[in-house]
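What the coordinates show
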Amino acid sequence: MDKYIREAYGVKFLLSQHKDLRRLKRNSDQPAIHGNKFWGSSYLLMEYLQQHPLPARSKVMELGCGWGLAGIYCAKHFQASVTGIDADDAVFPYLTLHAQHNQVEIDTKKQYFEKITQAQLAQYDVLIGADICFWDEMADTLFKLINRAVKAGVKKIIISDPERAPFFTLAEHCTEKFYAELESCSVSQPRRASGCLLIIENN
Ligand SMILES: C[S@@+](CC[C@H](N)C(=O)[O-])C[C@H]1O[C@@H](n2cnc3c(N)ncnc32)[C@H](O)[C@@H]1O
């Protein structure tokens, strides 16, 4: 394997020295809303999914996908059909590059959380998101989005977070309204990361 490629949870990812990544950094617009790398919460999400696999061929929407590692994991391990949603389309070349290295296809769509409709959500079985609740106003935005998803019949919602304050505001509302559960999680590979998972089962 190329010396600038690593693997975690069976998913390949490129180190910053990799020529494809350097070329993208030189030639493309750069992500502007923190979608500039893989965040540790992606690993927490993959750790959870490894222990709680999704049904094969689930339809998965990854919210605030950034470079999309968790969605790639779902496509690779569960043959899931995955759509990565992000407000910042500068992240998509990075996602597509990693999808190619992992030999999976991921659909992408530029969209703000606020604009994702109930009809759109009804096409998915599972919503995932890693480190997407980092500004105060996001707690309310994501609570409303989760409300639409539950009404639309999405069966499972999993959001991982490094324990930022807005995430706990979101978690409190989701525990009250949707009987959400919070689970602590930490991983040491491919690097140390710790935080919480918010899990909603909509049966
Ligand atoms: C901290 S990054 C996490 C990226 C990725 N999930 C990960 O774990 O590596 C947050 C992502 O959410 C996206 N984002 C921020 N606000 C958003 C919004 N209102 N609607 C959609 N995406 C948004 C950003 O562009 C960025 O890619």
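Before reading further, recall that the structure is shown in the block above.
Residues numbered from 1 in each chain as written. Predicted model: local features only at pLDDT ≥ 70, side-chain atom pairs only at ≥ 80, totals over all residues.

1. What about the environment of Leu 49?
Considering the arrangement of structural elements, one finds Leu 49 in helix 2 (residues 40-51). As for Leu 49 and Tyr 73, which are separated by 24 residues in sequence, their C-alpha atoms are 8.7 Å apart. What Leu 49 contacts, discounting residues up to four positions off in sequence, is Leu 54, Tyr 73 and Cys 74. (Helix = DSSP H or I, 4+ residues; strand = E, 2+ residues; numbered from the N terminus. Contact = placed C-beta atoms within 7 Å.)

2. Overview of helix 4 (residues 92-101)
When we look at burial in helix 4, the residues that qualify are Phe 92, Tyr 94, Leu 95, His 98 and Ala 99. Angular distribution of buried residues about the axis of helix 4 spans 160 degrees; they occupy a single face of the element. Lining the buried residues of helix 4 we find strand 2 (11-14), helix 1 (19-27), helix 3 (69-78), strand 4 (81-86) and strand 5 (107-110). (Buried ≥ 20, exposed ≤ 12 C-beta atoms within 10 Å, placed from the backbone. Arc of directions from axis to C-beta.)

3. Overview of the sheet that holds strand 5
Taken together, seven strands build an open sheet; the order of strands is 5-4-3-6-7-9-8 and the sheet is mixed. At either end of the open sheet lies a strand with only one pairing partner, and these are strand 5 and strand 8 (181-187). Taken pair by pair, the neighbouring strands of this sheet meet at an average axis angle of 20 degrees, ignoring direction. Where strand 7 (residues 156-161) meets strand 9 (residues 193-201), six bridges bridge the pair, whose relative direction is antiparallel. (Pairing = 2+ DSSP bridges. Axes fitted to C-alpha atoms, helices over the stretch in contact; angles between N-to-C directions.)

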